[in-house]
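Commentary on secondary and tertiary structure
What follows is each chain in one-letter form.
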Amino acid sequence: MGYMEKRVTFTNGKQKKFLLDTKKELGLSWIELAKKLNVNCRTLEKSYQYEYCNLPYNLFIKICGLKNISKTKMLRQYKAKITIFESIIGRKAFGEKRAKLQEINIKFESEILSLNNSDIQLSRYDLGKNINLPDKLTPELAEEIGIHYGDGFLSENRHEYRLKGDKKEKEYYDLFIRKLYKNLFNLDINLKEYETTYGFEITSKALWGFKNKVLGIPAGRKNSIALIKIIKVNDTKILTSFIRGLFDTDGSVCFIKKYKNLGNYYPLITLTLKSKKLIFDVAEILSMLGLNPKISKTKSCWRIDLNGYKRLEVYSKLIGWNNPKNIVRVINWKKQYPELGKEVMAGVM
C-alpha cells in the first residue's frame, strides 16, 4: 500500500506562480533554490513548477521560512490548502503521466449523416405507440448504436429487439437508456429484471427495420459482426459517442496495482468482444482519436486496452462515460489520488 502524506494543493496555475515568485524574490536560480530546499533541481523546476504533482508540505514550510512569511498568509495569498492523501510512487507515476499521445486525425472520408426511412413499414403496434425514426445520424443515435453493439440483439426470426445488461447496470438503464430511447424513438421502454439480466424486449417492425435495413446492423449472433459503414464518418462527435456507448456496455474502467506494495492507482480502460472484426474496427477509431490502443487475444475473445494516465485523461475529456458504474469508479479514484486525477473528467462534459 501507499502511505499517508501531507501536501499543499493550489488552484490551477497558482503553484507555478508561487515557485516563480519565490525564485524571483530571493534572486536565486533553480539550482540555487533547489540546494537551499534540499530537493532535486529537475523535480523542482519540472514536476512542481508545471504542477505534475502537488507541493509537499515540508517543502512549502521551508519556502515560507526562506521568505519569512507565515504559512497561513501564504496559503491565503495563493489560494492553497493543506491536504492529506495516500501518496504512491512519485517519479515513476508522473513519468508515466507525462507520456504523449498523437493528435486526432480522422481518416474516414464520408460526411453523409442523413438517413432514408421511406421503405420502413410501421405495424399497428408502431402506429399505436407513435414510434419516431431518426432521419439523421446524430451523436445520440451513434451512442445508441454503440450500446446495441454492446448489450443489444436483433432477432433473425421475428421483428424482435432485445437490450439487456448485467443486473448491476440497473441504474444505467433506468437513468440513461430509458431517456435515450424516449428521445430517439419516442419509446417508453418497459425495463425489468430477467433471470440473470436487466433490460427490455420489444417486437417492433419499424425499429427492427430501421436498425437492420437503414443502419445496416445484421440480425443474429454478434460473434463475427463488423462495424456498420454508416458510423465511419469524418465526425469526431459521432465517433466518440459510438465508442462511449460500446465501452459503457461491454467495456470497463478500473485501477490496478502496477508496482509492488502500492495501491490500485494505475488506470486501465478495456473492451472485450468475441468479434475480431469489430475489435479491429474499434481500434482503428481509437487510433484516429490519438489513443493508441493495444489489441490482444484471449482464449475465446479479443481485447483492447487503453493503459495509463494520459489515455485516461484524453478518454475522459474526449469520450467520457454515461454509465454511473464507471463514473463512480473514476470519482473515487480522483478522491484517493488527487495529484494524479486532477486532469481527469468523471463523466460526459
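Details of the structure are given in the entry above.
Described in the following lines is the structure provided in the data block. Note that the coordinates shown come from a computational prediction; the quantities given were computed from them, not determined experimentally. (Residues numbered from 1 in each chain as written. Predicted model: local features only at pLDDT ≥ 70, side-chain atom pairs only at ≥ 80, totals over all residues. Heavy atoms only, no water.)

Looking only at helices and strands, the protein chain features 15 helices and 11 strands. The principal-axis extent of the C-alpha atoms belonging to the protein chain is close to 80 × 40 × 35 Å. The buried share among the 349 residues of the protein chain stands at 50%. Within the protein chain, contacts between residues separated by at least 24 positions form 70% of all contacts whose residues are at least 6 apart in sequence. For the protein chain, the exposed surface amounts to about 17800 Å²; the carbon and sulfur share of it is 48%. (Helix = DSSP H or I, 4+ residues; strand = E, 2+ residues; numbered from the N terminus. Buried < 20%, exposed > 50% of the residue type's maximum accessible area, 1.4 Å probe, protein only. Contact = heavy atoms within 4.5 Å. Areas by Shrake-Rupley, 256 points an atom, 1.4 Å probe, with all protein chains shown as cover.)

Okay, the sheet that holds strand β7 (residues 197–203) next. The strand order across the open sheet formed by 4 strands is β4-β5-β7-β6, and the pairing between neighbours is antiparallel. Pairing within the sheet leaves two strands with one partner each, and these edge strands are β4 (152–154) and β6 (192–193). Lying on the sheet, helix α9 (residues 170–185) is in contact with β5 (160–166) and β7; it crosses β5 at an angle near 150°. (Pairing = 2+ DSSP bridges. Axes fitted to C-alpha atoms, helices over the stretch in contact; angles between N-to-C directions.)

In this structure, Ile145, Ile231, Phe242 and Val282 are the most contacted members of the largest nonpolar core, which totals 79 residues. A total of 8 residues in this core trace back to one element, the largest contributor, which is α9. By size, the runner-up hydrophobic cluster in this structure holds 22 residues, among which are Leu33, Ala34, Leu55 and Cys64. (Core = buried A, V, L, I, M, F, W, Y, C linked by side-chain atoms within 4.5 Å.)

The next point concerns the side chain of threonine 22. Relative to the helices and strands, threonine 22 is located in helix α1 (residues 14–26). Within polar-contact distance, the side chain of threonine 22 engages the backbone oxygen of phenylalanine 18 at 2.8 Å. (Polar contact = N/O pair within 3.5 Å; in protein donor to acceptor, adjacent residues only side chain to side chain.)

This next bit is on the environment of leucine 141. Considering the arrangement of structural elements, one finds leucine 141 in helix α8 (residues 139–151). In this structure leucine 141 comes out as buried when scored by relative accessible area, which is 0%. In this structure the C-alpha to C-alpha distance between leucine 141 and tyrosine 181, which are 40 residues apart in sequence, comes to 9.4 Å.

Summed over all chains, the structure comprises 16 salt bridges. Salt-bridge contacts for lysine 167 lead to glutamate 193; the nearest nitrogen and oxygen are separated by 3.8 Å. One end of the pair, lysine 167, is in the loop between β5 and α9; the other, glutamate 193, is in strand β6, with 26 residues separating them in the sequence. Assessed through its relative accessible area of 33%, lysine 167 is described here as partly exposed. Taking the shortest distance from any N to any O, the salt bridge between arginine 303 and aspartate 305 comes out at 2.8 Å. Beyond isolated ion pairs, a larger network of salt bridges with shared partners links Arg158, Glu160 and Arg162. (Salt bridge = Lys/Arg side-chain N within 4 Å of Asp/Glu carboxyl O.)

Attention now moves to the packing of aromatic side chains. Counted according to the given criterion, the structure contains 18 aromatic pairs. When the centroid spacing of 5.8 Å and the interplanar angle of 5° are considered together, the rings of tyrosine 172 and phenylalanine 176 count as stacked. Linking tyrosine 172 with phenylalanine 176, this pair stays in helix α9, spanning 4 residues, or about one helical turn. Phenylalanine 176 carries the same exposure label as tyrosine 172, and that label is buried. Ring centres of tyrosine 173 and tyrosine 198 lie 6.1 Å apart, and the angle between their planes is 85°; on these two criteria the pair is classed as edge-to-face. Here tyrosine 173, found in helix α9, pairs with tyrosine 198, found in strand β7; they are 25 residues apart in sequence, far enough to count as distant. (Phe/Tyr/Trp six-rings, centres within 6.5 Å; stacked < 30°, edge-to-face > 60°.)

Turning our eyes to something else, we now look at unusual backbone geometry. Of note in this structure, lysine 79 is not a glycine but carries a positive phi near 50°. Among the structural elements, lysine 79 can be located in the loop between α5 (71–77) and β3 (80–87). Backbone geometry at asparagine 292 places phi at a positive 50°, although glycine is not the residue there. Among the secondary structure elements, asparagine 292 is positioned in the loop between α12 (276–288) and β10 (294–297).

Below, the discussion takes up the pairing of strand β8 (residues 251–256). Judged by which residues are buried, β8 turns out to be one-sided: Gly251, Val253 and Phe255 face inward and are buried, whereas Ser252, Cys254 and Ile256, on the alternate face, are not. Pairing analysis gives 6 bridges linking β8 to strand β9 (residues 266–273), with the strands arranged antiparallel. For cysteine 254, the partnering residue across the bridge sits in β9 and is leucine 268.

In this section: the sheet that holds β8. Taken together, 4 strands build an open sheet; the order of strands is β8-β9-β11-β10 and the sheet is antiparallel. Pairing within the sheet leaves two strands with one partner each, and these edge strands are β8 and β10. Averaged over all pairs of adjacent strands, the angle between strand axes in this sheet comes to 30°, irrespective of strand direction. Sheet topology places β9 next to strand β11 (residues 302–307); 6 bridges connect them, and they run antiparallel. In the strand pairing of β11, threonine 272 is matched with arginine 303.

Every α-helix carries 3.6 residues per turn, so stepping three or four residues along brings you back to the same face. Its 16 residues give α9 an end-to-end C-alpha distance of 21 Å, which sits within 8% of 22 Å, the value for a rise of 1.5 Å per residue. Its axis deflected by about 35° at isoleucine 177, α9 carries its strongest bend there. When we look at burial in α9, the residues that qualify are Tyr172, Tyr173, Phe176, Ile177, Leu180, Tyr181, Leu184 and Phe185. Summarising the contacts, the buried residues of α9 are in contact with α8, β5, β7, α10 (205–214), α11 (236–250) and α14 (324–336). (Expected span 1.5 Å × (residues − 1). Bend = angle between axes of the 7 residues up to and from the residue.)

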